Every structure is written in C-alpha cells, then in structure tokens.
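Spelled out, the chains give:
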Amino acid sequence: MTSARIPPAAAVSAAVSASVSASVSIRSATSASPVVHAWHALRTLCAPHALRAVRAPRPARPAARPTTVPWPALIALGYALVQFLVVLPTQPALGWDESVYVSQSDPRTPAAFFSAPRSRGISYLVAPITAVSPSVPLLRGVLAVASAAALYGAFRGWAPLLGRRTAALAALLFAGLWITELSGSQAMPNLWVALGAVAAVGWFLRVPDEPRARWWLAGTLACCALLRTPDTGWVTLPLLVTAVCVRRLRPALPALLGGPALGGAQWVAEAYARFGGIAGRLRVSSATEGGMGLHHGFGAGAGAALRSLNGPLLCRPCDHYTLHQPALALWWLALPPLAAAALLVAVRRGRPLAVTAVPLVCAASVAVPYLLLLDYSAPRFLLPAYALLAPPVAALAAGAVRHSHARRSAATTHPAPAARGRRRTRNRRATGTVRIGALTPAGLVIGAVLALHLVSQAAVLTGTSAQAAVVADRYRQAARTLRRLGLRPPCLVVGPHAQPVGYHAGCASADTEGNNRSITPRALLRRAAHEPTAVLTAGAGPGTAPAPPAYARAWTAHPLPRTGGWLAYLAPAAAATTPHREPRTAHTPPRPQLPSAPVAPAATAVP
C-alpha cells in the first residue's frame, strides 16, 4: 500500500537496494557463482511488486453523471405511436376540410373553393408530399411524424422556464387529449397553430435572457400567421401589450410586429385580390361563419363547445346535440379553476408571474372568438387554448408535488428531540430518496388523476375515430360509384359533400348555395352541357334524401351504395356514358330503398 506513494526515482533505488540485499543474502547463504547471484537480483527487480512500485499512480476516475431520462422525447414518441396504431388505420380518406386544403396543392385534382376564413399555410405544408404521391396513408404518416417532432420542439422550449420534467408533463397533458391525437395526422391548421402558439409564448418569455430568442419568436409567429392569420392575431395581441408594459420584454417588439406581418402577407394579398381588401375579407369571413358577434347570445359558442367536447367533429348547427358521456367532460370544466389556482400559487410562492400569467392570458384571448362570437363549434377550434393552458397547469401540478415532498422531507430530516437518536439511520435513508416525488400523497393523487384522464381520452379517441372512419368510407364509396357511372376527369361534383367526394373522384367541386357558394345554376348548366356533372343529395338514411335542385330534376338518379342513402343525379351528358342504365324522364324520380342501416347525417363542414 505504501509503495504506490513512493516517487519513481526513489522507488527504483529501493527496488535495486532490495535486489542487492537479496543477492548478498543469497550469496552468503550459498556458494553459487556470481552469474547466479546476478540472475537472482534481476528476477527480484522485475517482480510484479517492484514494477508496481515504479509505475506512477493512476488518476482517479471522474464521477459518472447521473442518467437523465429524455422525457420530452419519450412523450413525442408515444404521441407518434398512438397515431400510427389507433388513428391512421381508421383514416383512409380525407375529410371535408382536408380535401379543400390538399386540393390547393395537389397537381392531380382541381382546386376546391377556398372560402374567406381559410389560410393557405397547411396547403404549403403538404405540397411536397402531394407532389410525390397521391397516397393518403403516406400523407398521414408524414404528418404524424412531423406533428410529433413539432410537439417535442414546442414544449422543449419551455424547459429553461419550467424545468425538463415539468415541460414534459405539459406536453403529456396536451398530447393526451383525444382531439390532439386525432389532429396530428390530419391536413388541418388548428394543431399546428396550437404548437406554434405555445412555442412562441415560450420564446417570448426567454427574450430577456437569450438574444436569439427574438429570431425564434419571429419565425414561429410567421409560421402561425401563414397557417391561420386570424388566430395568430388573437395570440399576438396580449404579447404586444405585455411587451409595451414590461421594460425587460420590449426587445421582443420587432419580432412581434415583423413575424405576423411576414406570415400574413399572403393572406393580405389574397384579401385585396379576391375580396377588395382586409375589411372586405373580414366581412365575408364573418358572413361565412354565420355572422360573428354577441348577437348569438353570450356564451353561445361555449355551450356549443361543451356539447361537442366528446364529438361530433363538427357541431353545426349545434342545438339538437347533447353532451356525449358527461362524466368525461369534467376536465374541461376544471380548466378555469385550475388556471386561477396556478396564477394564485405563482403569486403566493413568489414564482415568476409572467411564466404563468402570459400563457393564461394568451389562451383566453385565442378562445374568445370561438366561445363568445360563434354559435357553433368543433373540438379542434380550442386546440391553441389547450396548448397554452398546459404549461401553467403542469407547473401547478409539479409545484404541488414538490411542496408536499419538501414538507415530508423536512418532517423526516428534523424529527422530535426525543426520537432523534433512534431515527438517525432512518433519516439518512429518507434523505437519499428525496427526488422520488411520486411517493408523496400529492404525487400519488395527481398521478392517479392523470392516468384516469388519459384513459378517458383514449376511450373518446376510439369512438370518434370510428365515426370518422364511417364518414371517410362514405366519401370513398361515393367516389368509386361515380367513377363506375362514367365520371372521369375533367368532371364536376355539386352539392353536399362535393369537396371530399370530388377530390377522391378526381373531379372539380362546386356549390350553388350555402356558405361555400361558388357557382350559379346558370353557369352550372352551361358547364354540364360539355362536362360530366353529378349533383349529390344526402339524407339521414335510406329514402330520406331531399329532392334535387330544380335545375337537376330531369337528370338521372343513381343510388350510391354504402353511403347511408345518398343519391347522385347525373347530367344527360354524363348519363349517356353509362349504357347499363336507362335515363328516367320523370321530374321527381323515385327514391330507392337501400339495404344499409340508417346513420346520422354528416354535418356541414366548417369553412
């Protein structure tokens, strides 16, 4: 043990002396020749203990870093897996609004009518995918992976503000919602605006400490404005007010002004090209939405949002719908109390108030038009608000666990004087497990509530995915039947569900009435004279399809199997290409009874 501390020169001298002494003792003890004595001395010098004495001491190994679990990455991976295992198998076709967005960039199909409230960002997002292949499963798979990566990036930016684990908990709270899981693989802008909004607020709060945060803030707001310009305005407004009032956040003002302006430039240019200006586009958008304002009654949108919380995917009109499974809506009713509690706890415990207050105010701002100014709703409308509420609620839950654990640790580390001696060993063991917050009562309760919430959302996801699969199958079956009836591009599909059916059939789509009116009956008749045209009518079941429009009453009626009673009226030019069926000349054709079971009618898609 002491030889390892001897310097190299002294160690060599000691080894030589020991070998010489050994050789002398051997020589005195025996009468061998000097060669034998030298041999014994060399063997002694090369012995293992002598070499260990000569070698320099090894440096101490650095302490191994504690292994950190990549929680945000695991949450994003789980989010992608849920989409691939549960959502994608039930979504083989595009929905109503999806077909409108995708048709704008798909080179194989005519572009559908693009109403005033829409923005073209999602069409630009899917353009590289549709340019490669028309496959809907491929499109959904790429969007599922991209949405999981965006989820990771959006909430990873909150790690310096909340901590890595709390940011991961916020991502789990948002990703666990059924509408978030269903929207990840859909070509819709709401989820992407939600992720961009929560990322933008995070970068906004990091501006005072990180100069590069201003560039990220401008970029995320530009992407949000490109995806949905009106929602970005509602998110940016509280950030502008905060930056003006708080001196430390004023460096973010250029990004708050430049980012939305850059992303919304295309929306503004289209407003002047098609609607006569920004005011004209906003006016047309309000009319398309049914007239935005408080005249619908205070909280009409909130009531519609509650009734459609667990489905349907679109509640318009929403008066005849009732809340499905009310017990699974408790989390939605608990959001306002949780937000108030998070703000109160942040004030009482001296936490940075902006980290809690700013996302709460932005969430309330972006929810205002959908809760107060509309009379219908869809679960996806409130996705930006849910994403912005996730960090404060996660901070509240994590703070409750830490506070409970601190109290328990203090009680364990500082026992009563009478029991201090007897519990010394037990206190040492407790100190080693101070990081296991789940062992506290608060951790167990919060973990159980979170698990029940995720299970309930999975149950709702299963049901809504099945409903969406039924509607998607109708679109595909109708498109296949129309192709068998002779509709080949270039062709035109008119009426309810014309956009998704026309997209899957490779035809253009139009409507002569409603909030998506894009053609007049006279122009339609002129077009039908030289182009295969079909008018769709949809009812609540077999035999319930309404009568066709007046201009199509003399057209040939064809039932569309496996669509729940839909009928297609083909113009004479199109009917002439189907020799297997004689055209009917009656003005009111009979409504055939189909063997399929009656199902609820699909709601008119949101513009």
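Residues numbered from 1 in each chain as written. Predicted model: local features only at pLDDT ≥ 70, side-chain atom pairs only at ≥ 80, totals over all residues. Heavy atoms only, no water.

A word on unusual backbone geometry
Working step 1: Note the cis peptide between R316 and P317, where omega equals -5 degrees.
Working step 2: Relative to the helices and strands, P317 resides in the loop between α17 (300-307) and α18 (330-333).
Working step 3: The step from P489 to P490 runs through a cis peptide bond, and the omega angle for that step is 0 degrees.
Working step 4: Position of P490 relative to the elements: it lies in the loop between α23 (441-484) and β1 (492-494).
Working step 5: Here the phi dihedral of H497 falls at roughly 65 degrees; this positive angle occurs in a residue that is not glycine.
Working step 6: Inspection of the secondary structure puts H497 in the loop between β1 and α24 (498-505). (Helix = DSSP H or I, 4+ residues; strand = E, 2+ residues; numbered from the N terminus.)

Quick word on the state of the cysteines
Working step 1: With the rule as written, the count across this model stands at 2 disulfides.
Working step 2: The disulfide partner of C315 is C318, and the gap between their sulfur atoms is 1.7 Å. Between C315 and C318, the disulfide has an S-S torsion of 95 degrees and is therefore right-handed.
Working step 3: C315 sits in the buried class, given a relative accessible area of 0%.
Working step 4: A residue is classified by how much of its surface remains accessible, and C318, at 1% relative accessible area, is buried.
Working step 5: There is a disulfide in this structure between C491 and C507, and the S-S distance comes to 1.8 Å. Every disulfide takes its handedness from the sign of the S-S torsion; for C491 and C507 that torsion is -85 degrees, giving left-handed. Taken together, the residues span a long stretch of sequence, with C491 in the loop between α23 and β1 and C507 in the loop between α24 and β2 (508-510) at a distance of 16 residues. For the residue pair C491 and C507, the accessibility class agrees, reading buried in each case.
Working step 6: Listing the disulfide partners of the protein by sequence rank of the bonded cysteines yields 1-2, 3-4.
Working step 7: Cysteine C223 shares no disulfide, and the gap to the nearest cysteine sulfur, in C224, comes to 7.0 Å.
Working step 8: Residue class for C223 comes out partly exposed when judged on its relative accessible area of 47%. (Disulfide = S-S within 2.5 Å. Buried < 20%, exposed > 50% of the residue type's maximum accessible area, 1.4 Å probe, protein only.)

Focus: the packing of aromatic side chains
Working step 1: Per the stated rule, a full pass over the model turns up 8 aromatic pairs.
Working step 2: Taking 6.0 Å as the distance between ring centres and 80 degrees as the angle between the ring planes, the aromatic pair formed by Y101 and F114 counts as edge-to-face. In this pair, Y101 is assigned in helix α5 (residues 96-103) and F114 in the loop between α5 and α6 (121-132), connecting sequence segments 13 residues apart. Here the two residues Y101 and F114 agree in accessibility, since each one is buried.
Working step 3: Aromatic side chains F155 and F174 sit 6.1 Å apart centroid to centroid with 40 degrees between the ring planes, which places their arrangement in the tilted category. Here F174 lies in helix α9 (residues 164-175) and F155 lies in helix α7 (residues 136-156), a separation of 19 residues in the sequence. Note on accessibility: F155 and F174 belong to one class, buried.
Working step 4: Grouped by ring-pair contacts, the aromatic residues Y370, Y376 and F381 constitute a single cluster.
Working step 5: The positively charged end of R118 is found above the aromatic ring belonging to Y101, 5.0 Å away from the centroid.
Working step 6: When the ring centre of F114 is taken as reference, the NZ or CZ atom of R120 above it lies at 4.1 Å. (Phe/Tyr/Trp six-rings, centres within 6.5 Å; stacked < 30°, edge-to-face > 60°. Lys NZ or Arg CZ within 6 Å of the ring centre and 35° of its normal.)

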